[in-house]
Amino acid sequence: MSKVLPEVQKLETKIKVDTGAPNIEVPNEAITYDSGWKSTKYLTASAFETKFGKEDFAGELKEFSSVWNLLDEGEKFVAMLYTFRSCSQALKDVQVTSNTPKEVKMDIYQKEFKIFRPEIEKLYSLKKYHEKAVNILKTLIASLSGPEKRKEVHSQLKLDLIVKLLDVLIKLDKLKDMKSNLVNDFARYKRAVQLIGGELPDKKQKEAEIFELQNFLCNPSHPHGLIIWSAKKVIENVPNSIDVVCLLLQHCKETLDEGRHLLPDEEAMQYRAIVYLMYILDADKDNTRGINAFKERRAGFVMSLFKQIPVIPLLGDMQIQIVYDLGKCQHWTEAQKDQIDDSSAKTKARYLIDAEKLKEIRAAYSAYTSKLVSLSNTIRAIKSRPNYSGNLKLELCTETYNTVLEGLHLVASWNKAIRMQSAYKCAFPVDSKTYTAKGGTGGKGNEYEKVVRYAYTDEELSILVDVIGMVKGLGSLLQRSETIFVDLCWRYIHNSMQYFVHGMVVRPMRRAFKAKRTNVLNIMQRMRDICADYFPGAERREDYKQGKKEILEIEYKFPQRYTPPTVDQVVLMRRLMNFLCSDRAEGNKGGFFGKRDIKKEWQEEWIKLHKDSFFFQYVLNFKQTLRQSMDLSFLWYREFYLNMTKQPQFPIDMSMPWILTKFVIQGVKMKENIFYPMEIYNDAAELALDYLNQRYLFDEIEAEVNLAFDQLLHHLSKEIFKYFKTLAGSILLDCNLETAFEKMKGGALKVKVSRYATLMSQQTVRLLGRVINLQVLLAQYVLDSFRRNIRGILRKFQSSPLSCAVETKSFLDNTRLAHALASQQLPLDSFDTIFKEFDGRVSLLQGCGTIGNHIAEELTGEILPNWTFCSGTRRFVPSITSYGEKYEREVFKVKLPKYFWYGSGFSQPNALLQSGYKKFFGSEHVHALLDILDPADLPFILKEIVGHIEKTLGEQLMPSMEKVQQVLQKAPISLPSTHMGPAIAFQGLRNNNFVKAVGEWPALKTLFFQSLREIGNSFAFVHLLESCLNERNDRRFSQVAFYCAVQPHPNSTAIPLTPFQYEEKGRSPFYDVVAKVYEKLGGSDQMNKEIKSNMDKAESYMKANIGPSPSIFSATLRRVSEILETVEVFEGAEPANGVLDTHRGSDFARVFSVAQFLFCVSPITVKDGKEVKTGLEEHAILGDGFSWGGCALIHLLGYASRFEMLDLCYHILNIAENDDMTSELGLTPDQQKKLAKSSVQKMNLGALEDGAMKQFMINANFVRTVNDFVFSTMKSFCPVNQIRDLRFSPPRQG
């Protein structure tokens, strides 16, 4: 063993069982023990000679042992009756008619007999027990009623046993009356016996049992209260029983006044006994010769007591109401009943735990826990030293014992307060009006709802949870500290008894010796024989024979043992002490000439020890005492109401443990107390198995716990998820917006303080013997919420246009941050893994993700065909009207709570912020798409865009191009003469038959214009995408430059080959920072090498992110250029002169020129002499995408220079720029005079004042600006070889 123990101790340091999480539950023990101190058999009492004259104290204990056995048997019947479930209610009553065959009838009743027989046997045993208990109660009363007995010092334990036996009879009587289904089962059994009695071997015996049970269950003279009435009648027949009953009343009063009780139900037991002792003392209503108990002098205290405690807890959900229970007394009048105002505010305040009581309880809890922890630390410190036994002083043992006893008193008193409140709520359910106002709907079980679900206000629930937490918390602290202080408490008890029998008894022994009180001296000597402990050879048998001075000088020494006395020793010692020191003792009555056996000053010390020793049983039986003090199972049990409402069980919403648990979940405070209400289930399960002995009750509790724990996980995970979403929303919300929103709404946006960290760290929660890893289960539920959240965000994104991309990104940012915060507390899957799963990126065979597919579909189906692009703002906006087909997207129904988006309270400000981004699609949205899009999906989107361009070219633009070419090839469209002025040039082109023919072609706008718009929007989007990618690269480059010593080139005339240069490593900002830290640390060469090695790794990683990135816009242009090389229709017919046809050209440049002229013409006509706009401007419908498409194709075809030279709009604009009569579509007074001289000028002036001309000039100017921007962009990204145009010089002069 000496070799094994060190190895075991090593394991303690290697294997860490403790997870380090805060403990928020009552410890459950895999192995428990029974101290044996609760034994009531008193087997060792006969070993002591305690017979003195007529008094036989050891023989008394044998009598008490039989009473204890009777009490134990009675408790079993109490448990049986309380948990009795009706078999007749579960079995359907089989309808037997005259036509039913006899064999079938006999079979039915035989089966009923077999079913009901075990239950009837229990009831018959109960009846026999009732008779035996009443007879024993009569015997005990009679033992106190003799003339001599009334003068004796009565055993306190005996009086306690009578009260306990009476209390058992009270419970049995109440339960028998409550269980109405007993009669139903008995009736079914009786009928079965009558019909099959002939086949029973012991028919007469069964009939005799039935007759006896008939009188017991259905006594016509006493249908209610038969058991107590029987006890009353038996006691009345005992001579002088009134004096004994009054003695018991006084005993109960003394017990209450002196606080001689500790367990929560012991005080209530005294109250119950007083109530029914008054019933026994008072005469029945039909007895004219009985006494008036309420006028009995010795019972004068009861009315004041009844006024204070009108409702007394009985068992589980049962209680006693004094005003009703005393109604059977003859002298209980209405006036006395009115004195007990059990529904007044004052009485209610005594029962309910209000804020003031909570404040007192919390103060006591704080003070005591501080004291207990300090004491435990002191004891641990002493016990950590070798040979610590000598350092444990008696003062420390005394302090430990008093502290432990105080803790037990506190836990039991708080438990009692909860019991009293629960009993009062059950006695006074809420009225129907309040019940309806709180949401009650009636129906089955509404009586229980009125006393549980709707009986408590939120404040009362909060206080109740707090008190339960302190009961369980303090009990848990005491339970964990048991091994620390239990031996010190044993030593204190041992020392107290030894100090008494050695030092406190010797002087009374000397007094008895001198007075020749032999009987008293023998009793005191027997006390020493029972408890005294001596060192070997140091016994002091006759020290009392010495003189007073010698006795006072004696220093008594005895072994300092950590072993407590036995039950029999303490019981006998207390009985002998009480026999000698009681005021009723013969030697203490004194007199004028008499002397007391024990002086007054000695008597006080004896009485004090006698009172203190009463509580030895609780400390020595510490584990069972603490378990009963912490037992809150009565908050779950509802057998009384199940029987009353005839329900098999109530729903979980009516269960008090779940009501409390749910309240904690939905509240802000007390999150750490969430498992203390769940401990009620543990208490109920332990009671069901250990005391009630009913497996089916445990099964019901287990079923409810399974449901409640699932609900707990659901609600708790919901609150945790909501908290992290809200916290993420508050972090991400812009501070300025938050301030403005708070001013607008007049309230602050706050995140409720979290108390979930403790709960999320719990890995070993114990319920009904099962160890549950709460952290893992919460992680599963919270992860499921995140999965639902991400799935809902993506579904919402798929159901919305791309203008919601910024909102989608904000949703994902919030979820990502919330997930990161939650991952610090819970083991969750990574956010990217979940996101990729719903994006469809979990397989290598997956071509493109869901997001990429949706973006491509939205671009090619909605943005490019139907939205308008603005080059100035670089934004797409929905067209007022469109020539393209309407896009129909698949809409998914997303049903998620509001807090799934931004948390609780932050949805509205974020919605206001995001609403501005939903009206357009621009760079902000592209950045958002790049954030949520998998980089591998970007080539797919570009491929789809290029494919869309190719499809538009082949299916729309080329056929429409051929139609326009056919018109243009019929006759030339000459450029107007410059001397005619811009207005005449515009009117000439506008009235040209071929231009009109092109404009009147029905498919010009819906096919040709629309195709150019789609192609142009495609190029514009790719260019926008390129710009956003460059911005992101620049941002990343600026971050990386710090680590890689990248700096711009110095100013010089030479053009650098690279946009930046590398400096030496010694000049890197990152290196400078590290070097300064290194110098301050004073590191060694090894540290220097490690730092440089890590720097090299960081630099190599960062350099990979600053390389040149290819241009996707250039690649797109090159790809479209390759497509155009395969198409001949854009080149048109060969020029007639083989060089350049300025009038009859049909290439794409000339076609687009005509189309652009029609694009700029405003739809204005003259009706009744007034100009009327008959439609929208083409730019308002098509936007800059028209110009982007045309100019991009012209550039890629190499027609840019030709287009700029021969374009119709450009030509008119050039005429206007060179015409001195026009100035930006307006005329000066001098110009108007010049124009007035000629008819041409007059006609030109009139045309300039025309609204259509003005709008055309505005449109043409704007189009040329856009074209110039597009051409410059195309040249910078994709320079092409322009088609070589010949230059002609004017003829030389002679």
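Residues numbered from 1 in each chain as written. Predicted model: local features only at pLDDT ≥ 70, side-chain atom pairs only at ≥ 80, totals over all residues. Heavy atoms only, no water.

Asks: Sorry if this is basic, but what is going on with the overall build of the protein chain here?
Replies: In terms of helices and strands, the protein chain carries 55 helices and twelve strands. Within the protein chain, buried positions represent 52% of all 1294 residues. Of the contacts made within the protein chain by residues no fewer than 6 positions apart, 80% connect residues no fewer than 24 positions apart. Summed over its atoms, the accessible surface of the protein chain is roughly 62400 Å², and 52% of this surface lies on carbon and sulfur atoms. (Helix = DSSP H or I, 4+ residues; strand = E, 2+ residues; numbered from the N terminus. Buried < 20%, exposed > 50% of the residue type's maximum accessible area, 1.4 Å probe, protein only. Contact = heavy atoms within 4.5 Å. Areas by Shrake-Rupley, 256 points an atom, 1.4 Å probe, with all protein chains shown as cover.)

Asks: When you look at the packing of aromatic side chains in this model, what are you seeing that I'm missing?
Replies: Remark: the centre distance and the inter-plane angle together describe each pair of aromatic rings, the angle taken between the planes. Taken as a whole and judged by the stated rule, the model has 46 aromatic pairs. Plain terms: the ring middles of Phe-485 and Phe-622 are 5.4 Å apart, the flat faces sit at 80° to each other, and that makes the pair edge-to-face. Of the two residues, Phe-485 is situated in helix α20 (residues 482-504) and Phe-622 in helix α27 (residues 622-630); the sequence distance between them amounts to 137 residues. Comparing Phe-485 with Phe-622, the two get one shared label, buried. Ring centres 6.1 Å apart and planes at 20° place the aromatic pair Phe-1148 and Phe-1152 in the stacked group. Pair noted here: Phe-1148 and Phe-1152 are both in helix α48 (residues 1148-1160), with a separation of four residues, about one helical turn. When its relative accessible area of 0% is taken as the criterion, Phe-1148 is described as buried. It is Lys-450 that lies over the ring of Tyr-435; its NZ or CZ is 5.3 Å from the centre. Of note, Arg-1264 hangs over the ring of Tyr-1210, and the distance from its end group to the ring centre comes to 5.9 Å. (Phe/Tyr/Trp six-rings, centres within 6.5 Å; stacked < 30°, edge-to-face > 60°. Lys NZ or Arg CZ within 6 Å of the ring centre and 35° of its normal.)

Asks: Would you take a moment to explain the pattern of salt bridges for this structure?
Replies: Side-chain pairing between opposite charges can occur once the charged atoms of the two side chains come close. Scanning the model with the defined rule gives 54 salt bridges in all. Two residues, Glu-334 and Lys-337, come together in a salt bridge whose shortest N-O distance is 3.5 Å. Of this pair, Glu-334 and Lys-337 both sit in helix α13 (residues 334-339), three residues apart, which is roughly one turn of the helix. By relative accessible area, Lys-337 is classed as partly exposed at 28%. Each of the salt bridges in this network shares a partner with another, and the network as a whole consists of Lys-127, Lys-128, Glu-131 and Glu-212. (Salt bridge = Lys/Arg side-chain N within 4 Å of Asp/Glu carboxyl O.)

Asks: Explain the packing of α20 against helix α25 (residues 600-613) to me, please; I cannot follow it from the model alone.
Replies: Axis angle and axis distance: for two packed helices, these are the angle between their axes and the distance between the axes, and together they describe the pair. Viewed as axis vectors pointing N to C, α20 and α25 meet at an angle of 160°, and their least axial separation amounts to 11 Å. When the axes of α20 and α25 are compared, the pair comes out roughly antiparallel. Here α20 runs over α25; the crossing is left-handed. The segment α20 lies against α25, with Ser-496, Phe-500 and Met-504 engaging Glu-605, Trp-606 and Leu-609. Its residues assigned to classes, the contact of α20 with α25 comprises four nonpolar, one polar and one charged. (Axes fitted to C-alpha atoms, helices over the stretch in contact; angles between N-to-C directions. Parallel < 35°, antiparallel > 145°, perpendicular 65-115°, else oblique. Left-handed = near helix turned anticlockwise from the far one by under 90°. Nonpolar A, V, L, I, M, F, W, Y, C, P; charged D, E, K, R; others polar.)

Asks: Would you mind showing me how to read the pairing of strand β4 (residues 318-321) here?
Replies: Walk down a regular strand and you will see the side chains alternate between the two sheet faces. What you see with β4 is no split at all: Met-318 and Ile-320 on one side and Gln-319 and Gln-321 on the other are buried throughout. Bridge count between strand β3 (residues 311-315) and β4: four bridges; the pairing is antiparallel. Pairing of Val-311 across the sheet is with Gln-321, part of β4. Connecting β3 to the next strand, β4, in antiparallel fashion are two residues, including Gly-316 with a positive phi near 60°. (Pairing = 2+ DSSP bridges.)

Asks: Explain empty space enclosed by the protein here, please?
Replies: One way to see where empty space is left: roll a probe the size of a water molecule over the atoms. A full pass over the atoms with the stated rule returns six cavities of 30 Å³ or more. A per-element tally of the lining of the largest cavity places helix α16 (residues 394-427) first, with three residues. Of the residues that constitute the lining of the largest cavity, the class distribution is nine nonpolar, two polar and two charged. Roughly 70 Å³ of internal volume is contained in the second largest cavity. (1 Å grid on protein atoms, 1.4 Å probe; cavity = no way out; pocket = protein on both sides within 12 Å on 5 of 7 lines; lining within 4 Å. Points joined across faces, edges and corners; volume = space filled by probe spheres on them.)

Asks: It is not clear to me how the state of the cysteines should be interpreted in this structure. Could you clarify?
Replies: Disulfides are covalent bonds that link the sulfur atoms of two cysteine residues. Under the criterion given, the structure shown has zero disulfides. Not engaged in a disulfide, the cysteine Cys-1160 finds its nearest cysteine sulfur in Cys-1209; these two sulfurs lie 3.9 Å apart. (Disulfide = S-S within 2.5 Å.)

Asks: Teacher, can you tell me more about the packing of helix α5 (residues 156-178) against helix α9 (residues 241-257) here?
Replies: One way to put it is that α5 packs onto α9 with a least axis distance of 10 Å and a crossing angle of 100°. The angle between α5 and α9 places the two elements in the roughly perpendicular class. Contact residues: α5 offers Gln-156, Leu-159, Asp-160, Ile-162 and Val-163, while α9 offers Leu-247, Leu-248, His-251 and Cys-252. Residues of the contact of α5 with α9, tallied by class, amount to six nonpolar, two polar and one charged.

Asks: Teacher, can you tell me more about the side chain of Thr-347 here?
Replies: With respect to the secondary-structure elements, Thr-347 resides in helix α14 (residues 345-351). Look at Thr-347 and you get buried, because its relative accessible area is 2%. A distance of 2.8 Å separates the side chain of Thr-347 from the backbone oxygen of Asp-341, its partner in a polar contact. Those residues in contact with Thr-347 that lie beyond four places of it in its chain are Lys-307, Pro-310, Asp-341, Asp-342 and Tyr-424. (Polar contact = N/O pair within 3.5 Å; in protein donor to acceptor, adjacent residues only side chain to side chain.)

Asks: Help me understand the confidence of the model for the protein chain, please; the structure alone is not making it clear to me.
Replies: Looking at the protein chain as a whole, its pLDDT mean stands at 82, while 82% of the residues score no less than 70. Of all the helices and strands in the protein chain, helix α54 (residues 1239-1248) carries the lowest mean pLDDT, 46, while α16 carries the highest, 94. Below pLDDT 50 for its whole length, residues 1221-1228 participates in 19 contacts with residues either more than four positions away or in separate chains. Confidence drops under pLDDT 50 across residues 1237-1248; counting only partners more than four residues distant or on other chains, this segment forms 25 contacts. (pLDDT = per-residue confidence, 0-100.)

Asks: Whenever I open this one, a negative patch on the surface confuses me. Can you help?
Replies: On the surface, a cluster of negative charge is made up of Asp-354, Glu-356, Glu-360 and Glu-459. Along the chain, the position of Glu-360 falls in helix α15 (residues 355-383). Using a relative accessible area of 56% as the deciding quantity, one classes Glu-360 as exposed. (Patch = residues over 30% accessible without salt bridge, like charges linked within 9 Å, V, L, I, M, F, W, Y side chains within 5 Å. Lys, Arg positive; Asp, Glu negative; His and termini not counted. Charge placed at Lys NZ, Arg CZ, Asp CG, Glu CD.)

Asks: Could you clarify how one ought to interpret the pairing of strand β8 (residues 875-878) in this entry?
Replies: One ladder, built from four bridges, connects strand β7 (residues 867-870) with β8; its direction is antiparallel. Among the inter-strand pairings, Trp-867 is bridged to a residue of β8, identified as Pro-878. Between β7 and the antiparallel strand that follows it, β8, lie four residues; Arg-874 among them carries a positive phi value of about 55°.

Asks: Explanation requested: helix α19 (residues 458-480) in the structure shown.
Replies: Note that an α-helix has 3.6 residues per turn; residues three or four places apart therefore point the same way. Taking 1.5 Å of rise per residue, 23 residues should cover 33 Å, and α19 covers 32 Å from first to last C-alpha, within 8% of that figure. Counting buried residues in α19 gives 19 out of 23 residues, a clear majority hidden from the surface. (Expected span 1.5 Å × (residues − 1).)

Asks: Would you mind going over α15 with me for this structure?
Replies: End to end, α15 covers 41 Å across 29 residues, agreeing with the expected 42 Å (1.5 Å per residue, within 8%). Where α15 is concerned, the buried positions are Leu-358, Ile-361, Tyr-368, Thr-369, Leu-372, Leu-375, Ser-376, Ile-379 and Ile-382. On its buried face, α15 is in contact with α16, α19 and α20.

Asks: Please explain unusual backbone geometry as it appears in this structure.
Replies: Glycine aside, negative phi is the norm for most residues, and most peptide bonds take the trans geometry. Even without glycine at this site, Lys-646 takes up a positive phi of about 55°. Position of Lys-646 among the secondary structure elements: in the loop between α28 (639-645) and α29 (656-666). Here Lys-646 falls in the partly exposed class, since its relative accessible area comes to 47%. Of note, the phi angle at Arg-874 is positive, near 55°, even though the residue is not glycine. On the accessibility criterion, Arg-874 (25% relative accessible area) is partly exposed.

Asks: For this particular structure, what's the right way to read the environment of Ile-309?
Replies: Tracing the backbone shows Ile-309 in the loop between α11 (302-308) and β3. By relative accessible area, Ile-309 is classed as buried at 14%. Along the chain, Ile-309 and Asp-342 lie 33 residues apart, while their C-alpha atoms are 8.2 Å from each other. Ignoring sequence-local partners within four residues, the contact set of Ile-309 consists of Tyr-271, Ile-322, Tyr-351 and Met-420.

Asks: How should the environment of Gln-603 be read in this particular structure?
Replies: With respect to the helices, strands and loops of the structure, Gln-603 is situated in helix α25. Owing to a relative accessible area of 3%, Gln-603 belongs among the buried residues under this scheme. When the C-alpha atoms of Gln-603 and Leu-580 are compared, they prove to be 9.0 Å apart, with 23 residues separating the residues in sequence.

Asks: So what exactly am I meant to see when it comes to the side chain of Ser-923 here?
Replies: On the secondary structure map, Ser-923 appears in helix α40 (residues 923-932). You can call Ser-923 buried: its relative accessible area is 18%. Apart from residues lying up to four places away in sequence, Ser-923 is in contact with Arg-874, Leu-1024 and Cys-1028.

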